[in-house]
Amino acid sequence: MRPFLIAPSILSADFARLGDDVKAVLDAGTDVVHFDVMDNHYVPNLTIGPMVCTALRNYGITADIDVHLMVKPVDRIIPDFAKAGASIITFHPEASEHIDRTLQLIKESGCKAGLVFNPATPLHYLDHVMDKLDVILLMSVNPGFGGQSFIPSTLDKLRQVRARIDASGFDIRLEVDGGVKVDNIAEIAAAGADMFVAGSAIFNQPDYKVVVDLMRAELAK
Ligand code: DX5
Ligand code: ZN
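Residues numbered from 1 in each chain as written. Chains lettered and ligands numbered in written order. Predicted model: local features only at pLDDT ≥ 70, side-chain atom pairs only at ≥ 80, totals over all residues.

Turning to the UniProt feature "active site" (unreviewed entry) in the chain, a few remarks are in order. According to UniProt, the positions carrying the feature "active site" (unreviewed entry) are Asp36 and Asp177. Taken along the chain, the residues just named run across 142 residues; in space they keep tight, none of their C-alpha pairs more than 10.6 Å apart. Tracing the sequence through the fold places Asp36 in strand β2 (residues 32–38). The class for Asp36 is buried, based on 24 C-beta atoms found within 10 Å. Contact partners of Asp36, with chain neighbours within four places excluded, come to Ser9, Leu11, Thr47, His68 and Met70. Its place among the elements puts Asp177 in strand β7 (residues 173–177). With 26 C-beta atoms counted inside 10 Å, the residue Asp177 sits in the buried group. Not counting residues up to four positions away in its chain, the partners in contact with Asp177 are His68, Leu137, Met139, Ser140 and Val197. (UniProt positions renumbered as here; feature names shortened; annotations may be inferred. Helix = DSSP H or I, 4+ residues; strand = E, 2+ residues; numbered from the N terminus. Buried ≥ 20, exposed ≤ 12 C-beta atoms within 10 Å, placed from the backbone. Contact = placed C-beta atoms within 7 Å.)

A few words on helix α8 (residues 208–220). Given a rise of 1.5 Å per residue, 13 residues ought to cover 18 Å, and the 18 Å separating the end C-alpha atoms of α8 matches this to within 8%. Buried residues along α8 sit in contact with β1 (5–8), α6 (185–190) and α7 (200–203). (Expected span 1.5 Å × (residues − 1).)

Moving on, we come to the environment of Asp134. The residue Asp134 is located in the loop between β5 (112–117) and β6 (135–139) in this model. Residue classification places Asp134 among the partly exposed residues on the basis of 19 C-beta atoms within 10 Å. Considering only alpha carbons, one finds Asp134 and Ala191, 57 residues apart in sequence, at a separation of 19 Å. Ignoring anything within four residues of it in the chain, the contact list for Asp134 reads Ile88, Lys112, Ala113, Gly114, Ile172 and Arg173.

Glancing now at the site of ligand 1. Around ligand 1 there are 21 residues in total, and Ser9, Pro143, Gly146, Gly199 and Ser200 lie nearest to it. Grouping the amino acids of the shell around ligand 1 by side-chain chemistry returns seven nonpolar, twelve polar and two charged. (Near = placed C-beta within 6 Å. Nonpolar A, V, L, I, M, F, W, Y, C, P; charged D, E, K, R; others polar.)

What follows concerns the sheet that holds strand β8 (residues 195–198). Working definition: the strands of a sheet are paired by backbone hydrogen bonds and lie parallel or antiparallel to each other. If you trace the eight strands from one edge of the open sheet to the other, you get β1-β8-β7-β6-β5-β4-β3-β2, paired in parallel fashion. Only two strands of the sheet have a single neighbouring strand rather than two, namely β1 and β2. When the angles between neighbouring strand axes are averaged without regard to direction, this sheet yields 25°. Both β2 and strand β3 (residues 64–70) contribute to a ladder of seven bridges, which runs parallel. In the strand pairing of β3, Val37 is matched with Leu69. Its contacts with the sheet place helix α5 (residues 154–168) against β6 and β7, and it is angled at close to 165° to β7. (Pairing = 2+ DSSP bridges. Axes fitted to C-alpha atoms, helices over the stretch in contact; angles between N-to-C directions.)

Structure, rendered in structure tokens:
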């Protein structure tokens, strides 16, 4: 498996000093900025859009930015995020009228593309698009808020998706999002994930590096 990536969800960062907080969490040894976009329509919360992504780039953030779209409709915001400096764009298949078209739109915009599965979203959405995916993101909570508990049935779903990725031969990251902590990251990795979103587990601690080092130690076990 490729090197594990830790992706701090900036939903739990300090929005009043976002640029500095994102720099701090990257300096603590994390890999990718996870950027949660919520529209108060597809999910019951409202967060940040392309302008904030642009602002982070202008502030000197060079790490990959992983834009997790929890919006409906999806397509019209994709070019804006690509222009704003997104590296990866993922969306929920239920929120798109034409999944294949949305994936193509992301790729044509120059970004990596992925599908996101809610805890109860069936995996059949993968059936005809494996060759177009750079990332598969399994939600281990229902989307909308940070700080929720990991839903244990995600482990079995991760194992199923890991088997499908390995059988496909495609180069696809398996990302997990929601309730990831120091004390469960090892078993999540054992189930097949190789990219870990963590919001509250990192940002709610005073010293981000301490948490990130503990996560890396768990992943090395
Ligand atoms: C939830 C978001 C997550 C969230 C994770 O809808 O997609 O990225 O911020 O937060 P934690 O790690 O606190 O569960
Ligand atoms: Zn997310």
